[in-house]
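Chains, contacts and geometry: an overview
If you want the building blocks of each chain, they are given just below.
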Amino acid sequence: MALKFHFTPADTPRGDETNPHAKATTEVADTVQALREAFGPAVQDHLTYAGEHTVYIAAEQIVAVCRYLKEDLGYSYLVDLGGVDRFVEDGRFEVYYNLVNVAGRQRIRLKVRVEEDAATVPSVTGIFKAADWNERECFDMLGITFAGHPDLRRMYMPEDFAYYPQRKEFPLLGIPGSLPLPPQTPEGSLTMDPYAAAHGQKPVKSYEEPRSSK
Amino acid sequence: MDPNSGYLTTTVDAVVNWARSNSLMPMPMGLACCAIEMMAFAGPKYDVARFGSEAMRFSPRQADLMIVAGWCSYKMAHAIRRVWDQMADPKWCIAMGACASSGGMHRCYGVVQGIDNFLPVDVYIPGCPPRPDAVIHALMDIQEKIRNQYSIKQDYAFGPQRASPKDTAPLMVTSSGIQQAEPDVLRDHSVEQP
């Protein structure tokens with residue numbers, strides 16, 4: 001699918017930001033170092049912004065990294081998991097994982113980037129059960145599939161919906177005819193026009209409905 | 001029977017409409033924050049019991065007024081329509097708030113841009129959310145609508161115009177037999193008229 005869009009100018013961190021509200025819990029340089037030693041090239045990048053550490057992980061290693069963080073370093077709590085459509089040519093989709101080590105009072109953010117034509121990330125539901133619905137939501141909204149997810153169905157949109165509405169190329173008001181409205185009478189057909197009333201179609205009062213054929 | 005004992009003639013429509021308009025049982029289709037205002041509308045402060053509508057019926061079979069309160073998604077629309085179809089006639093519908101009336105601030109792919117795309121709405125209430133007073137006003141509008149409806153629609157609203165019936169006086173059974181009532185038979189003759 002060829003996309004036509006304007007790139008958002010890159011907003012690279014200057015590196016000298018100081019966040020006055022940053023807490024010591026986000027200073028996890030030792031965790032990042034441990035990840036680098038344990039996984040080597042699978043730790044693709046490391047970013048520090050406003051006192052918070054973000055680690056970019058290769059998609060195929062995300063399960064191993066999560067298991068290591070949970071079992072060896074004590075990051076037992078998956079706070080959040082979600083997807084981002086960066087809308088760029090390389091590494092369009094991004095999945096982020098916010099992890100907390102409750103006992104050690106530490107927080108870390110992991111990110112995984114995947115291409116548009118191979119938007120598949122291994123599921124971490126085997127490690128964090130809380131990831132189940134978040135991954136379903138991410139699949140529903142962005143179309144990122146999670147390999148190994150036990151129940152990868154749509155979360156919000158109807159099962160037969162054919163699009164991924166949070167992708168940037170999806171129009172804000174939707175695609176006419178993709179989401180049917182109920183029939184105007186009990187035995188009528190579905191209303192495919194989302195603006196039926198604006199186009200002059202008014203649902204009839206029930207006492208004006210045509211007689212039932214049964 | 002004493003013809004001066006006083007009695008009243010009326011139409012069936014008048015009695016039926018009076019009964020219907022003063023005992024509307026709302027089906028609370030609370031979808032969002034408007035539902036909170038709808039609870040206040042039914043609660044003791046705004047006290048819709050004054051209008052006979054305090055009995056919220058959570059079964060569509062017992063309800064005759066659907067108040068759609070809040071934004072309605074495309075998925076929910078099918079459930080609402082089914083509940084509406086399960087309600088027995090006669091039934092009325094209020095679109096409460098900007099979202100139910102037009103989609104409101106939810107101008108996006110997942111929210112129906114006005115429930116009148118699939119429901120026959122009788123009264124729209126603006127507001128985000130509307131005050132309970134506004135909901136009471138909408139209920140009074142529905143009552144007004146009910147009081148002005150006819151059961152024999154062919155005579156009044158539809159079909160060819162017919163000649164008005166001749167002026168007739170109702171028949172009365174009196175001690176001297178059956179006779180037509182005098183025009184002022186309902187007047188209390190013991191009171192001096194001005």
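Above: the structure in question.
Residues numbered from 1 in each chain as written. Chains lettered and ligands numbered in written order. Predicted model: local features only at pLDDT ≥ 70, side-chain atom pairs only at ≥ 80, totals over all residues. Heavy atoms only, no water.

1. As for the interface of chain A and chain B
Tallying the contact residues gives 32 residues for chain A and 22 residues for chain B. When the two sides are added together, the surface that chain A and chain B hide from each other amounts to roughly 2200 Å², 59% of it contributed by carbon and sulfur. The tally of links from chain A across to chain B stands at one salt bridge. As a salt-bridge pair, Lys-205 of chain A and Asp-122 of chain B come within 2.9 Å of each other at their nearest N and O atoms. Between the two partners, chain A and chain B, sit 11 residue pairs in polar contact (both at pLDDT 80 or more). (Contact = heavy atoms within 4.5 Å. Buried area = accessible area lost by both parts, 1.4 Å probe. Salt bridge = Lys/Arg side-chain N within 4 Å of Asp/Glu carboxyl O. Polar contact = N/O pair within 3.5 Å; in protein donor to acceptor, adjacent residues only side chain to side chain.)

2. So, the nonpolar core
Leu-35, Ile-62, Tyr-97 and Leu-110 of chain A together with Met-66 and Ile-115 of chain B are the most contacted members of the largest nonpolar core, which has 64 residues in total. Per element, the largest residue contribution to this core is six residues, and it comes from helix α2 (residues 62-71) of chain A. Counting residues in each nonpolar core, the second largest holds 23 residues, with Val-48, Ile-67, Ala-69 and Trp-92 of chain B among its members. (Core = buried A, V, L, I, M, F, W, Y, C linked by side-chain atoms within 4.5 Å. Buried < 20%, exposed > 50% of the residue type's maximum accessible area, 1.4 Å probe, protein only. Helix = DSSP H or I, 4+ residues; strand = E, 2+ residues; numbered from the N terminus.)

3. Quick word on the packing of helix α1 (residues 12-21) of chain B against helix α5 (residues 132-147) of chain B
Residue and element names in this part refer to chain B. Where α1 contacts α5, the two axes come as close as 8 Å, and the packing angle between them is 165°. Here α1 lies roughly antiparallel to α5, going by the angle between them. Classified by chirality, the crossing of α5 by α1 is right-handed. For the pair α1 and α5, the contacting residues are Asn-17, Arg-20 and Ser-21 in the first and Gln-143, Ile-146 and Arg-147 in the second. Split by residue class, the contact of α1 with α5 holds one nonpolar, three polar and two charged. (Axes fitted to C-alpha atoms, helices over the stretch in contact; angles between N-to-C directions. Parallel < 35°, antiparallel > 145°, perpendicular 65-115°, else oblique. Left-handed = near helix turned anticlockwise from the far one by under 90°. Nonpolar A, V, L, I, M, F, W, Y, C, P; charged D, E, K, R; others polar.)

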